[in-house]
Every structure is written in C-alpha cells, then in structure tokens.
Amino acid sequence: MTLTRNELTGPRVFVVLGGKKEKIHLTGGHAKPEKDTSMCGRELGNRIIVDARDIAPREGYQGSSVWCKQCLGILENEGLDQKVLFTSIQFKSGTFGDLCVIPHLGRQKKFNKYPLHLTPVPEESEWRILECD
Ligand SMILES: [Zn+2]
C-alpha cells in the first residue's frame, strides 16, 4: 500500500454488511486487526466488508438502529480519524460525533493509549505550493 505523505493513519475500521435484517457490524481497527471476526466477536462468514469511508457517512446508514451497538461501543476506543467517519450516526441523545468524537478532542486519559500517527512528510520537491501573483 502506498502511503500518502503526512497523512493521519492508524488501523482502519471496516463495515460488515449482512442480510437485510442483520445489524451492521464493524471489524478491523485496534480491536480486530486480523478482521477474522466482528468487533463484537461474530463470525464474518461470507458477509460483505466495506471500506468505512464509503458507507458510514452515507444516507440510509445514519439511523443507530441499523448498527450493532456493541461494535459502536468498541469503536469508541479506535483512532479519531476512524471515529470521525461515523460521526453522523444518530442516537436519541445525539450523534456519534457529539457523543464520542467531541469528548475525544479533549484527549481524556482513557484515549492516551492510542496516540495519533502521521505518515512521513513529503520531500520538499513534492510540496504543494500555493501560487501567488
Ligand atoms: Zn457487532
């Protein structure tokens, strides 16, 4: 995999789609780096595993009732860059962003074991320089 220079990285979280009536589970991240089961411990079988960037913020996936609550609870311990993808999921008491991303920005003690990592900076020859008149 080619790393984009100077980009925030960490173990990626993936979305696990099952049948129509199945809850949507999560895998990957710090919780399940091997992606052999869902974060809540279910077999993945022949379910579809989707890049979270493609599905989590999209319409039709914002109601909290379609998501596995256990997986979303575990997601709370994942990297901020991954949690941000799920911010629009709506709970009675607020969005996932309100509940789990905003407090993270305060860098509470319990999040300190997952520091944010950046890939290396680009070479000077690759700098994107704003052209001015
Ligand atoms: Zn689950």
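In this text the structure is predicted, and so the values were computed from the model without any measurement.

> In this structure, what is going on with the overall build of the chain? I would like to understand it.
Broken down by element type, the chain carries four helices and seven strands. Reading the chain from its N end, one meets helices and strands in the order β-β-β-β-α-α-α-β-β-α-β. Taking all 133 residues of the chain together, 23% fall into the buried category. Sequence-distant contacts in the chain: of pairs separated by 6 or more residues, those separated by 24 or more amount to 59%.

> How should the sheet that holds strand β2 (residues 13–17) be read in this particular structure?
Within a beta sheet, neighbouring strands are joined by backbone hydrogen bonds and run either parallel or antiparallel to one another. Spatially, the three strands line up as an open sheet ordered β3-β2-β4, and their pairing is antiparallel. Both outer strands of the open sheet, β3 (25–28) and β4 (48–51), are each paired with one neighbouring strand and no more. The average angle at which neighbouring strand axes cross in this sheet is 40°, direction not considered. Of the strand pairs in this sheet, β2 and β4 are connected by four bridges, and their pairing is antiparallel. Bridged to Leu-17 within β4 is Ile-48.

> I would appreciate a short explanation of the nonpolar core in the present structure.
It is characteristic of soluble globular proteins that their nonpolar side chains tend to be buried jointly. The biggest cluster of nonpolar side chains holds 20 residues, and the ones touching the most others in it are Val-15, Leu-26, Cys-71 and Leu-75. Broken down by secondary-structure element, the contributors of at least two residues to this core are β2, α2 (69–75) and α4 (96–101). In contact with Leu-75, other than residues within four places in its own chain, are Val-13, Leu-26, Lys-83 and Phe-86.

> Would you mind going over unusual backbone geometry with me for this structure?
Leave glycine aside and you will find that most residues have negative phi; peptide bonds, for their part, are mostly trans. Of note, the phi angle at Lys-35 is positive, near 55°, even though the residue is not glycine. Within the element layout of this structure, Lys-35 appears in the loop between β3 and β4.

> Just to check I follow, could you spell out the pairing of β3 for this structure?
A regular strand places its side chains so that they alternate between the two faces of the sheet. Burial along β3 is two-sided: the residues His-25 and Thr-27 and Leu-26 and Gly-28 are all buried. Both β2 and β3 contribute to a ladder of four bridges, which runs antiparallel. Bridging across to β3, Val-13 finds its partner in Gly-28.

> Just checking my understanding: could you explain the environment of Ser-65 for this structure?
Turning to its location among the elements, Ser-65 is positioned in the loop between α1 (52–55) and α2. Sequence spacing of Ser-65 and Gln-90 is 25 residues, and the spatial spacing of their C-alpha atoms is 8.9 Å.

> Quick question: what am I supposed to make of the environment of Gly-97 here?
As for its position among the elements, Gly-97 is in helix α4. Gly-97 sits in the partly exposed class, given 16 other C-beta atoms within 10 Å. Those residues in contact with Gly-97, other than ones at most four positions away along the chain, are Thr-87, Ser-88 and Ile-102.

Calculation notes
- Residues numbered from 1 in each chain as written.
- Predicted model: local features only at pLDDT ≥ 70, side-chain atom pairs only at ≥ 80, totals over all residues.
- Helix = DSSP H or I, 4+ residues; strand = E, 2+ residues; numbered from the N terminus.
- Buried ≥ 20, exposed ≤ 12 C-beta atoms within 10 Å, placed from the backbone.
- Contact = placed C-beta atoms within 7 Å.
- Pairing = 2+ DSSP bridges.
- Axes fitted to C-alpha atoms, helices over the stretch in contact; angles between N-to-C directions.
- Core = buried A, V, L, I, M, F, W, Y, C linked by C-beta atoms within 7 Å.

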